Structure formats: C-alpha cells, structure tokens
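# Reading the structure
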Amino acid sequence: MSDNPVQYRRVLLKLSGEALMGDLDYGIEPKVIQRIAAEIATARNSGIEIAIVIGGGNIFRGAGLARAGMDRVTGDYMGMLATVMNALAIQDALESLDVYARVMSALQINEVCEDYIRRRAVRHLEKGRVVILAAGTGNPFFTTDTAASLRAIEIGADVLLKATKVDGVYDTDPMNNPDAKRFKTVSYDQVLSDKLSVMDATAIVMCRDNNLPLRIFDLTRANALVQAMSGDDIGTVVTA
C-alpha cells in the first residue's frame, strides 16, 4: 500500500460480472465475492469514498442473447436485472463486514433497492457508505463500461478503476502472444486508434472528453484492489 493511502478522495470501481464467478462457469463464487468485499472494506476504512458499477455477464449478457436470436432490447433489460442481482450480493457481502452499502438502480425496483439519483448517491458517499450502482444506464444498447464512465463523471470521481483478469493494457492479446508489451500509461486516443481492448469506444470517449483518468488492473491479485484505490502504481493508466 502506498504511503499516502488517501491519494484518491472518491473512486468509481467497475467490476465485471465475470469477476464474481471465480472458477465457476456461471453465477457467483462466495469466496471470491467475500475477498472482493474485504478489500473494498479495507479501502473504505482508509477514508476513500467508493462507488461501484457492476456488470451482469456471469448471469446474462444482452449482446450475447441478441446474437442467439433474442430481441436486443429484451436481452439488454435482462442483463440489467442480472446486474441488480450481483449488486445485492455485493451489498450483502459488505454488510457482513459491517460496511454500510446502498444499492441504487437505474431501473425502478423499489422493493429491493433505491432509485439512482445523483445527489442522493453523492450524499451516501459523503456519509461513508459504499454505493453500488446497478442496471447500467437504464437504457438498452449501452454497456456497463459506458455506465461506469457516466456515473464516475456524474459523482465527481477522481478516477475510474476497471478490475479485470489482466494486469493492464497490452499492445496485443497477452493470452495469444507471450511477447505482448504492457503499457504503463497509454493515451485515450491511442486506445481508440489502435483498438486496444480496454473498454468500449463510447466509454473511452466519455473519459477523454471529461479528463477522467482510467486505471486497469488485475483483480485476481491479492490486495490489488486496495492498491489501485490507494493510488499505487499498478496496472495501466489511461490518460490524456
């Protein structure tokens, strides 16, 4: 952990649904979500305000369903509901560690979570609560990566942290090329022009146009989440 554990005042963490699967083929691996919750709790206890945008790919992925013949809009709404399920699971794991957490959804599901209202989300953060933002943007055709960029900008986050299974951004796929080069830093424009696998183009453009730094890091590494939230030099930083 860095000497300055509160380099960031407020962060937005983008978690993929797949990050919750662990070694499973589907669903949520309890040990994985408990480890993630423990690291979030450690960072929160150091004074960092934390918002989370969660994907739903471990349960449903709208684009994949559409390719299989389902109406895209229907598939995307199913994917949004999957993110709510994941958000509730993270909330439960955090509360088991005595961390106050609020799930806020872009779709109205008042029986299980709050509606997303920007001012209310910021107020929760100021009170030290972890805010888990579900259902993407509430609109079909937009990814949860885009939702993460949008929410980070709305709440005034200092950085957008994207947790993946890879330790940063490479010039080629490191799974297929053992000589792939990892970038320590890379510009938004290079990510777009070279079509590097970071986030979808809409999300990158939003980060670029609003000068929002983006850090990509490997969630599977022990304590990496705490290090990323503390501003340690891990993964790849995407900036101007």
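Here, the structure is the one placed above.
Procedures and definitions
- Residues numbered from 1 in each chain as written.
- Predicted model: local features only at pLDDT ≥ 70, side-chain atom pairs only at ≥ 80, totals over all residues.
- Heavy atoms only, no water.
- Pairing = 2+ DSSP bridges.
- Helix = DSSP H or I, 4+ residues; strand = E, 2+ residues; numbered from the N terminus.
- Axes fitted to C-alpha atoms, helices over the stretch in contact; angles between N-to-C directions.
- Parallel < 35°, antiparallel > 145°, perpendicular 65-115°, else oblique.
- Left-handed = near helix turned anticlockwise from the far one by under 90°.
- Contact = heavy atoms within 4.5 Å.
- Core = buried A, V, L, I, M, F, W, Y, C linked by side-chain atoms within 4.5 Å.
- Buried < 20%, exposed > 50% of the residue type's maximum accessible area, 1.4 Å probe, protein only.
- Lys, Arg positive; Asp, Glu negative; His and termini not counted.
- Salt bridge = Lys/Arg side-chain N within 4 Å of Asp/Glu carboxyl O.
- Polar contact = N/O pair within 3.5 Å; in protein donor to acceptor, adjacent residues only side chain to side chain.
- Expected span 1.5 Å × (residues − 1).

Turning next to the sheet that holds strand 5 (residues 130-134). Here we have nine strands laid out as an open sheet, ordered 4-3-5-2-1-6-10-11-9, and mixed in their pairing. This sheet does not close on itself; its edge strands, each paired only once, are strand 4 (114-115) and strand 9 (185-187). Two elements, strand 10 (residues 214-218) and strand 11 (residues 236-239), share three bridges in a ladder whose sense is antiparallel. Bridging across to strand 11, Arg215 finds its partner in Val237.

A word on the packing of helix 1 (residues 30-45) against helix 3 (residues 72-95). Any two packed helices are characterised by the angle at which their axes cross and by the distance between the axes. With their axes 9 Å apart at the nearest point, helix 1 and helix 3 run at an angle of 60 degrees to one another. One element, helix 1, and the other, helix 3, form an angle in the oblique class. The two elements helix 1 and helix 3 meet at a crossing, and its hand is right-handed. Taken together, the residues of helix 3 that come into contact with helix 1 (itself represented by Ile33, Ala37, Ile40 and Ala41) are Ala89, Ile90, Ala93 and Leu94.

This part covers the nonpolar core. Judged by nonpolar contacts, the single largest core of 42 residues is most densely connected at Leu13, Ile132 and Phe217. Elements with a contribution of two residues or more to this core: strand 1 (10-15), helix 1, strand 2 (49-54), helix 3, strand 3 (101-105), strand 5, strand 6 (159-164) and helix 8 (224-229). No other element matches the seven residues that helix 1 contributes to this core. When residues no more than four places from it in sequence are discounted, the contact partners of Ile132 are Ile52, Ile54, Ala87, Ile90, Gln91, Leu94, Ala101, Arg102, Val103 and Met104.

What follows is about the side chain of Asp115. Relative to the assigned elements, Asp115 resides in strand 4. One buried charge, Asp115, has no salt-bridge partner; the nearest side chain with opposite charge is Arg120, at 6.1 Å. A distance of 2.9 Å separates a polar atom in the side chain of Asp115 from a polar atom in the side chain of Asn110. Those residues in contact with Asp115, other than ones at most four positions away along the chain, are Met104, Ser105, Leu107, Gln108, Ile109, Asn110 and Arg120.

Between its first and last C-alpha, helix 5 (residues 144-155) extends 16 Å over 12 residues, near the 16 Å set by a 1.5 Å rise per residue. Extensive coverage of helix 5 is indicated by the burial of nine of its 12 residues. The N-terminus of helix 5 is capped by Thr143, whose side-chain oxygen sits 3.3 Å from the backbone nitrogen of Asp145. In the segment just after helix 5, Gly156 is the residue with positive phi, at about 75 degrees.

This next bit is on the pattern of salt bridges. Per the stated rule, a full pass over the model turns up 13 salt bridges. The shortest N-O distance in the salt bridge between Arg208 and Asp209 comes to 3.1 Å. Arg208 sits in the partly exposed class, given a relative accessible area of 32%.

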